[in-house]
Amino acid sequence: MVGVDGSDQSICALLWAAREAERRNAPLHVVTAYTIPVFAASSMDAGYATVDDAVIREGARSVLDESLTHLEDFRVEVVPRIETGDAAGVLLDLSEEAELVVVGSRGRGGFVGRLLGSVSSALPAHARCPTVIVPLCSSPRLGRPELAEKHRKSGTVPSKEGVEPVVVVGVDGSEHARTASLAAAEEAQSRGLALRVVCSLAPFNGSLAWVPAPLDREALHADITVQLNAGRDWLQSHFPALPITVELRDGPPAEVLIKASATSELLVLGTRGRGGFTGMLMGSTSQAVLHHAKGPVLVVPDRDDPRLQDRESFGPMIPPVG
């Protein structure tokens, strides 16, 4: 399911969603939503409100029809939908019946425009299914570099040539991150790509309260590496044919993830954690990633997964806070 509002940002998301639906052999629901302006909805003239609704709905229909013209080259079943209501609320409701929801990172104030506005955390935090946010700068990967070029203010638009055949997942030792790791492994395996598990070691600022005693940087690196390797072994046991590597990088989580998004096919995050990648998803780190990612970001909601039960048997884990 993909939300569109006619902007270039939503067209970029539409193209990514169409490729994904084609790959999954799944129908693609293309959704646009509209609301009646307050001045019309509150008018004492019922006839005026009715006419206004018809005009606005016709405008939504035009947006939807124009968006559908970009799907002519895709071999996928398309289900167009016009819904009434707030864009974020509409997508949240419809996520209950979707396998995946896809949106752009910015737009005209509809789906993509509101996503990173006042309801920036609503969709990825509360959707019933995984959510993919597709930034406009991903358009070269989709064969439409002109979409990003005309919006470029400075710097360069990432090219598809620099993208590695890998899915990257950010982890912090939390169970939510392990859930995201399983989802990332599934995505990598289904795409025939490798999986790279990345953990960031930010400058000490009190966020590493789980460390039982003062440790020097080298010892901390060694300790976390052991935990990452144990996590890799656990993932490998569930995905024996999948190439899996782990990396411990120095730097603020947001910076590390944004950089990784530029060269990976897909960046995967969980919805909660303990202050690192997933823990800050609805805070400053995640907002920075969602605002500045250079490639598609998959946000995985928390879920019960029986495969989580045997993680402890593969080696040490970061102990829970408190």
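Because the structure is predicted, anything quoted here is derived from the model rather than measured. Position numbers for residues start from 1 in each chain and track the written sequence from start to end. Local features in this predicted model are restricted to residues of pLDDT 70 or higher, and side-chain atom pairs are both shown and tallied only at a pLDDT of 80 or more, whereas totals for entire chains, interfaces and linings draw on every residue. With hydrogens and water stripped out, all remaining heavy atoms of the structure feed into the side-chain values.

**Quick word on the side chain of Thr32**
Consideration 1: Locating Thr32 in the fold gives a position in strand S2 (residues 28-34).
Consideration 2: Polar contacts, as used here, are pairs of N or O atoms within 3.5 Å; protein pairs need one atom able to donate a hydrogen and one able to accept it. Residues neighboring in sequence count only if both atoms are side-chain atoms. At 3.0 Å, the side chain of Thr32 and the backbone oxygen of Val4 are in polar contact. Think of it this way: any DSSP run of H or I at least four residues long counts as a helix, any run of E at least two long counts as a strand, and we number them from the N terminus.

**Digging into the pattern of salt bridges**
Consideration 1: Definition used for salt bridges: Asp or Glu carboxyl oxygen within 4 Å of a side-chain nitrogen of Lys or Arg. Tallied over the full model, the rule gives 19 salt bridges.
Consideration 2: For Arg23, the salt bridge identified is with Glu20, shortest N-O distance 2.6 Å. Of this pair, Arg23 and Glu20 both sit in helix H1 (residues 8-24), separated by three residues, roughly a single helical turn.
Consideration 3: The partly exposed category is assigned to Arg23, whose relative accessible area is 34%.
Consideration 4: Burial status follows relative accessibility: with a 1.4 Å probe on protein chains alone, a residue under 20% of its type maximum counts as buried, one over 50% as exposed, and anything between as partly exposed. Glu20 gets classed as buried once you look at its relative accessible area, which sits at 6%.
Consideration 5: Taking the shortest distance from any N to any O, the salt bridge between Arg23 and Glu187 comes out at 3.8 Å. Highlighted residues: Arg23 in helix H1 and Glu187 in helix H8 (residues 175-191), separated in sequence by 164 residues.
Consideration 6: Via salt bridges that share partners, Glu20, Arg23, Arg24, Glu99, Glu187 and Arg191 belong to a single interconnected network.

**Looking at the environment of Ser7**
Consideration 1: Mapped onto the elements, Ser7 comes out in the loop between strand S1 (2-3) and H1.
Consideration 2: Of the residues examined, Ser7 reaches a relative accessible area of 4% and is grouped as buried.

**Notes on the nonpolar core**
Grouped burial of nonpolar side chains is what soluble globular proteins tend to show.
Consideration 1: Joining through side-chain atoms within 4.5 Å is the link that ties buried Ala, Val, Leu, Ile, Met, Phe, Trp, Tyr and Cys residues into a set, and such a set is a nonpolar core. Counting residues in hydrophobic clusters, the biggest one holds 56 residues, and the most contacted among them are Val2, Leu28, Val102, Leu195 and Val268.
Consideration 2: A per-element tally of this core places H1 first, with nine residues.
Consideration 3: Two residues form a contact once any of their heavy atoms are found within 4.5 Å. Not counting residues within four places of it along the chain, the set of residues in contact with Leu28 comprises Val2, Leu14, Ala17, Ala18, Ala21, Leu71, Val76, Glu77, Val78 and Val79.
Consideration 4: Among the nonpolar cores identified, the runner-up in size contains 27 residues, and Val168, Leu267, Leu269 and Val299 belong to it.

**So, H8**
Since the α-helix packs 3.6 residues into each turn, any two residues three or four apart lie on the same face.
Consideration 1: Between the first and last C-alpha of H8 there are 24 Å, a value that for 17 residues agrees with the 24 Å anticipated at 1.5 Å per step.
Consideration 2: Among the residues trailing H8, Gly192 stands out with phi positive, at a value near 70 degrees. In a helix, the anticipated span is given by 1.5 Å times the number of residues less one.

**Here's the deal with empty space enclosed by the protein**
Consideration 1: Only protein atoms enter the calculation, which uses a 1 Å grid: trapped sets of points that fit a 1.4 Å probe without letting it out are cavities, open sets showing protein on both sides within 12 Å along at least five of seven lines are pockets, and any residue with an atom within 4 Å of a point is a lining residue. Grid points are joined across faces, edges and corners, and a volume is the space filled by probe spheres set on the points. Enumeration according to the criterion identifies two cavities of 30 Å³ or more in this entry.
Consideration 2: Roughly 220 Å³ of internal volume is contained in the largest cavity.
Consideration 3: What lines the largest cavity is a set of 19 residues, among which Val171, Gly173, Gln227, Leu228 and Gly231 lie closest to the centre.
Consideration 4: Going through the elements one at a time, H8, strand S7 (194-201) and helix H9 (217-238) are the ones with two or more residues in the lining of the largest cavity.
Consideration 5: Here the lining of the largest cavity takes seven residues from H9, the largest share from any one element.
Consideration 6: All residues other than Ala, Val, Leu, Ile, Met, Phe, Trp, Tyr, Cys, Pro, Asp, Glu, Lys and Arg, Gly among them, are scored as polar; the first ten of these are nonpolar and the last four charged. For the lining of the largest cavity, the residue count by class is 10 nonpolar, five polar and four charged.

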